[in-house]
Amino acid sequence: MPEGNYTNANNKTNFRPPALGGVSLLVIFAVLCLTVFALLSLSTVQADCRLADATAQSVSDFYAADWEAQMILAKLRQGELPADVTIETAAPNEEAANTEDNSTSVNMLCSYTCQISETQNLQVQVQLNPQTGSYSILRWQAVPSGTWQAENTLELWDGATF
């Protein structure tokens, strides 16, 4: 007998609700699964977008600090002394000491730092020879700007129940 309204022998109309079968339950389950997977995909895309933005900002900050360090190095090579550059005299260059005129060339050891971000700095150390104009990069390194502090506490479960 078809579902829905029908007339019985007493001419009374009885309503019979449609039966929820296994196919209907399967469709409902499939729709719920697809909805959950769609929400998970949306969440993953948003997290990937935030990660890509943070990575792009980090790379941009590093190259800005690198450009600043290159500009300071260019000024040092031209004989200028930019602010925040520490200069020490280094031992005479052995190659320059072995030249024909026997004059020793004193090298300058220049150190400076460029900020990459709040947590990182670019530390540069360059050895310059003012007479010959030659230079040697000894250090060009991104380092953490803060000091590391060890955490001495380790909370372990002692076996006691709550």
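Before reading further, recall that the structure is shown in the block above.
Residues numbered from 1 in each chain as written. Predicted model: local features only at pLDDT ≥ 70, side-chain atom pairs only at ≥ 80, totals over all residues. Heavy atoms only, no water.

Trainee: Which residues make up the overall build of the protein, and what values do they have?
Mentor: Across its full length, the protein holds two helices and six strands. Across the protein, helices and strands are ordered from the amino to the carboxyl terminus as β-β-α-β-α-β-β-β. The burial tally for the protein puts 15% of its 162 residues in the buried class. (Helix = DSSP H or I, 4+ residues; strand = E, 2+ residues; numbered from the N terminus. Buried < 20%, exposed > 50% of the residue type's maximum accessible area, 1.4 Å probe, protein only.)

Trainee: Help me get a handle on the environment of G133, residues and values and all.
Mentor: Mapped onto the elements of the fold, G133 is located in the loop between strand 5 (120–128) and strand 6 (135–144). Judged by relative accessible area, G133 falls into the partly exposed class, the value being 36%.

Trainee: I'd like a rundown of the pairing of strand 4 (residues 108–115), residues and numbers included.
Mentor: By the bridge criterion, four bridges tie strand 3 (residues 86–89) to strand 4 in an arrangement that is antiparallel. In the sheet register, T89 faces strand 4, and the bridge partner there is M108. Looking at chain direction, strand 4 and strand 5 are connected through eight bridges and run antiparallel. Across the sheet, M108 pairs through a bridge with L128, a residue of strand 5. (Pairing = 2+ DSSP bridges.)

Trainee: Provide a residue-level description of the packing of aromatic side chains, including the pertinent values.
Mentor: Here a ring pair, both rings aromatic, is described through the centre-centre distance and the interplanar angle of the planes. Within this structure, the stated rule accounts for one aromatic pair. Summarising the aromatic geometry, the rings of F62 and Y63 are spaced 5.5 Å apart at their centres and angled 75° between planes, so their arrangement reads as edge-to-face. By relative accessible area, which is 29% here, F62 ends up partly exposed. (Phe/Tyr/Trp six-rings, centres within 6.5 Å; stacked < 30°, edge-to-face > 60°.)

Trainee: Give me the lowdown on the nonpolar core, citing residues and values where you can.
Mentor: Ranked by internal contacts, the top residues of the largest apolar core, which has 14 residues, are L76, Y112, C114 and L122. Elements that contribute at least two residues to this core include exactly helix 1 (22–77), strand 4 and strand 5. A total of five residues in this core trace back to one element, the largest contributor, which is helix 1. Those residues in contact with L76, other than ones at most four positions away along the chain, are L81, P82, V85, C110, Y112 and L128. (Core = buried A, V, L, I, M, F, W, Y, C linked by side-chain atoms within 4.5 Å. Contact = heavy atoms within 4.5 Å.)

Trainee: Break down the side chain of N107 for me, with residues and values.
Mentor: For N107, the location among the structural elements is in the loop between helix 2 (94–97) and strand 4. For N107, a relative accessible area of 4% translates into the label buried. A polar contact of 3.4 Å, which involves the side chain of N107, links it to the side chain of N129. (Polar contact = N/O pair within 3.5 Å; in protein donor to acceptor, adjacent residues only side chain to side chain.)

Trainee: Tell me about helix 1, and name the residues and values.
Mentor: With 56 residues, helix 1 ought to run about 82 Å at 1.5 Å a step, and its terminal C-alpha atoms sit 81 Å apart, in line with that. Considering only its buried residues, helix 1 is in contact with strand 4, strand 5 and strand 6. (Expected span 1.5 Å × (residues − 1).)

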